[in-house]
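Examination of the molecular architecture
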Amino acid sequence: MPTLRTALLQSSGRLGDVAGNLKALDEAVARTARAGAGLLVTSEMFLTGYALEVQEIAALAEPSDGPSAVAVAEIARRHGVAVLYAYPERDGAAVFNSAQLIGPDGAPLANYRKTHLFGCFEQDAFTPGDTPVVQAELNGLRIGLMICYDVEFPENVRAHALAGTDLLLVPTAQMHPFQFVAEQLVPVRAFENQMYIAYVNRTGPEGEFEFVGLSSLAGPDGTTRTRAGRGEELVFGDADPELLKASRANNPYLRDRRPGLYASLI
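This write-up is about the structure you can find in this document. Think of each chain on its own: its residues are numbered from 1, step by step along the sequence as written. Predicted model: local features are reported for residues with pLDDT of at least 70 only, side-chain atom pairs are reported and counted for 80 or more only, and whole-chain, interface and lining totals are derived from all residues. In computing side-chain properties, one takes all heavy atoms of the structure into account and sets aside hydrogens as well as water.

Comments concerning helix α3 (residues 67-79)
In this description a helix means any DSSP run of H or I spanning at least four residues, a strand means any run of E spanning at least two, and both kinds are numbered starting from the N terminus. Take the number of residues in a helix, subtract one, and multiply by 1.5 Å to get its expected span. Taking 1.5 Å as the rise per residue, α3 with 13 residues should run 18 Å; its terminal C-alpha atoms sit 19 Å apart, in good agreement. Buried, partly exposed and exposed residues are distinguished by accessible area as a fraction of the type maximum, computed with a 1.4 Å probe on protein chains only: under 20%, between the cut-offs, and over 50%, respectively. S68, A69, V72, A73, I75 and A76 are the residues of α3 that are buried. Projected onto a plane normal to the axis of α3, the buried residues spread over an arc of 160° and lie on a single side. Along α3, exposed side chains directed more than 90 degrees from the buried face belong to P67 and V70. Summarising the contacts, the buried residues of α3 are in contact with α1 (18-34), β3 (82-91) and β4 (94-102). Residue G80 follows α3 closely and has a positive phi angle near 65°. Think of the arc as the fan of directions from the helix axis to the C-beta atoms. Contacts between residues were defined by any pair of non-hydrogen atoms, one from each residue, lying within 4.5 Å.

If you want it as structure tokens, here you go:
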């Protein structure tokens, strides 16, 4: 099974400028293709920007098959690269904080709605999703989707591990002073659940927020395979199925679980 080279687009894009952000995405996917990578992951709410008023988010929200989805599908197909992009999704009267995976042929593979909303801002702007494990197959790997705050709940990531996720994609808007999540928590989640985690952040000031960057691809051995700095950056890391197989064979966490003891967790 081939290694999946993955591009992490650490960028906040332009606030409220969907057309400009699609253009920036197109350029980044072109660079990804030239680098021989097969997948690009954006930050949370990359399509529109994060620090918007509730009314602005509602006005910019689109269905999962809306005009921006069509535009991203065309970008993915033209460059032959799978793309996970994050956006506000409209479904009837509800607006979700979502991420959609588009295959290298332009076909939609999976759409995920953030299940754990962070703070009053998100709780006012969005409806929480109710499906914790959303997966798709890509290059022989089982890809899982999650957004930002979701990864901070160990039950959430463990559910993906038990469902066989190999590479967990996590667009994020992780802000000061919580950079320990990027630096310490994400590699631990990857190790304890025996998977790769691509954690892709926004960067710099935006409204009342200060995003810290530090996007990374963490491996099942607990190491950070690639790490971005604090600014706009496109970095690459490899999800190697052979390393994953060897790590799972050597790490007993999932085999040594005793679920009968954990009933009080639910």
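Comments concerning a nonpolar patch on the surface
Excluding any residue in a salt bridge, patches collect residues exceeding 30% relative accessible area, merging like charges within 9 Å and nonpolar Val, Leu, Ile, Met, Phe, Trp and Tyr side chains within 5 Å. All accessible areas in this document rest on Shrake-Rupley with a 1.4 Å probe, and a residue is counted as covered only by the protein chains that are shown. One speaks of a salt bridge when a side-chain nitrogen belonging to Lys or Arg is within 4 Å of a carboxyl oxygen belonging to Asp or Glu. Among the surface-exposed residues, L261, Y262, L265 and I266 lie close enough to one another that they form a single nonpolar patch of about 510 Å² accessible area. Note that I266 resides in the segment after α7 (241-250).

Let's talk about the pairing of strand β13 (residues 224-227)
Here strand β12 (residues 216-218) runs beside β13; their pairing, made up of three bridges, is antiparallel. Its bridge partner lying in β13, S216 is registered against R227. Adjacent in sequence and paired antiparallel, β12 and β13 are bridged by five residues, among which G222 carries a positive phi angle near 85°. Between any two strands, at least two bridges found by DSSP are needed for them to pair.

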